[in-house]
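# Coordinate analysis (summary)
Here are the chains, one letter per residue:
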Amino acid sequence: MMTDRRAPLQHTPVMTYEQLLEKVRYEGAYPTRERAEEAVRLVLAGLGRQITGDERVDLAARIPFEAARILTAQIPDTQPLTGWAFVKDLAARTGDTLATTRWDTGSVLRTVAALAGPDLLTRILHQLPSGYALLFGRAELTQAA
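Criteria and cut-off values
Residues numbered from 1 in each chain as written. Predicted model: local features only at pLDDT ≥ 70, side-chain atom pairs only at ≥ 80, totals over all residues. Heavy atoms only, no water. Buried < 20%, exposed > 50% of the residue type's maximum accessible area, 1.4 Å probe, protein only. Helix = DSSP H or I, 4+ residues; strand = E, 2+ residues; numbered from the N terminus. Contact = heavy atoms within 4.5 Å. pLDDT = per-residue confidence, 0-100. Core = buried A, V, L, I, M, F, W, Y, C linked by side-chain atoms within 4.5 Å. Phe/Tyr/Trp six-rings, centres within 6.5 Å; stacked < 30°, edge-to-face > 60°. Salt bridge = Lys/Arg side-chain N within 4 Å of Asp/Glu carboxyl O.

Looking now at helix α3 (residues 53-62). Taken together, the buried positions of α3 are E55, R56, D58, L59, A60 and A61. Residues of α3 that are buried make contact with α2 (33-48), α4 (65-72), α6 (98-116) and α7 (118-127).

With that settled, the discussion passes to the confidence of the model for the protein chain. Per-residue confidence for the protein chain gives a mean pLDDT of 91, with 88% of residues at or over 70. Every residue in residues 1-8 scores below 50 in pLDDT, and together they form 5 contacts with partners more than four places removed in sequence or on other chains.

All right, on to the side chain of S107 then. With respect to the helices and strands, S107 occurs in helix α6. For S107, a relative accessible area of 0% corresponds to the buried category. With residues near it in sequence (within four places) discarded, S107 still touches V24, E27, G28 and Y30.

Attention now goes to the environment of G28. Note on placement: G28 falls in helix α1 (residues 17-28). Relative accessible area serves as the criterion here: at 5%, G28 is assigned to the buried category. Separated by 75 residues in the primary sequence, G28 and W103 have C-alpha atoms spaced 7.2 Å apart. Excluding residues within four positions of it along the chain, G28 makes contact with W103 and S107.

This part is about unusual backbone geometry. The phi angle at A29 is positive, at roughly 55 degrees, despite the residue not being glycine. Positionally, A29 belongs in the loop between α1 and α2.

Formed by 40 residues in total, the largest nonpolar core has its most connected members in L20, V40, L59, V108 and F136. Of all the elements in the fold, those that place two or more residues in this core are α1, α2, α3, α4, α5 (83-94), α6 and α7. Here this core takes 8 residues from α2, the largest share from any one element. Those residues in contact with F136 that lie beyond four places of it in its chain are L47, L109, R110, V112, A113, L121, I124, L125 and L128.

Before going further, it helps to spend a moment on the environment of L134. Relative to the elements of secondary structure, L134 occurs in the segment after α7. Taking the C-alpha atoms as reference, L134 lies 9.1 Å from R110; in sequence the two are 24 residues apart. Setting aside chain neighbours within four positions, we find L134 in contact with R102 and A139.

Within the structure shown, the criterion is met by 1 aromatic pair. Both rings, one in F86 and one in Y132, keep their centres 5.4 Å apart while their planes meet at 50 degrees; by these two values the pair is tilted. Of the two residues, F86 sits in helix α5 while Y132 sits in the segment after α7, which places them 46 residues apart along the sequence. Across this residue pair, the class does not change: F86 and Y132 are buried.

Moving on, we get to the pattern of salt bridges. In the structure shown here, the tally under the stated rule is 10 salt bridges. A salt bridge links R110 to E27, with the shortest nitrogen-to-oxygen separation between them at 4.0 Å. Within this pair, whereas R110 is found in helix α6, its partner E27 is found in helix α1, the two being separated by 83 residues in sequence. Of the residues examined, R110 reaches a relative accessible area of 32% and is grouped as partly exposed. In this structure, E37 and R33 form a salt bridge, with 3.9 Å as the shortest nitrogen-oxygen distance. In this pair, E37 and R33 both sit in helix α2, 4 residues apart, roughly one turn of the helix. A single salt-bridge network, built from bridges that share partners, covers K23, E27 and R110.

Structure (structure tokens):
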């Protein structure tokens, strides 16, 4: 018997939302859980505006349910942003400095990368414009012209 492995959505994250917040708090050296949650909400909402298709569905299935709701509640942008434009967009939305927003973005996306796993992360990075690999804690390699 054949079944669609994603219908209904199989939600099997390896950590709870509270554990995700604590991991981001530790990675980002945030003074409070609330500050870590602000970063998580900001960055996951932004990421939800950038990724689509199977990558979006698969990522939502690997992160805690509360985080998946933040990610999937966003309508994807019609024009994807480069990694740097993504950070600038998030900074503009919060009024934070670019340096603070870059720190927040890296703290959250490194944790998301660990939950996604290397294969899904590679698929996500292939879908996004340049500049995201470093935000996820990966080197961005390009071929010489």
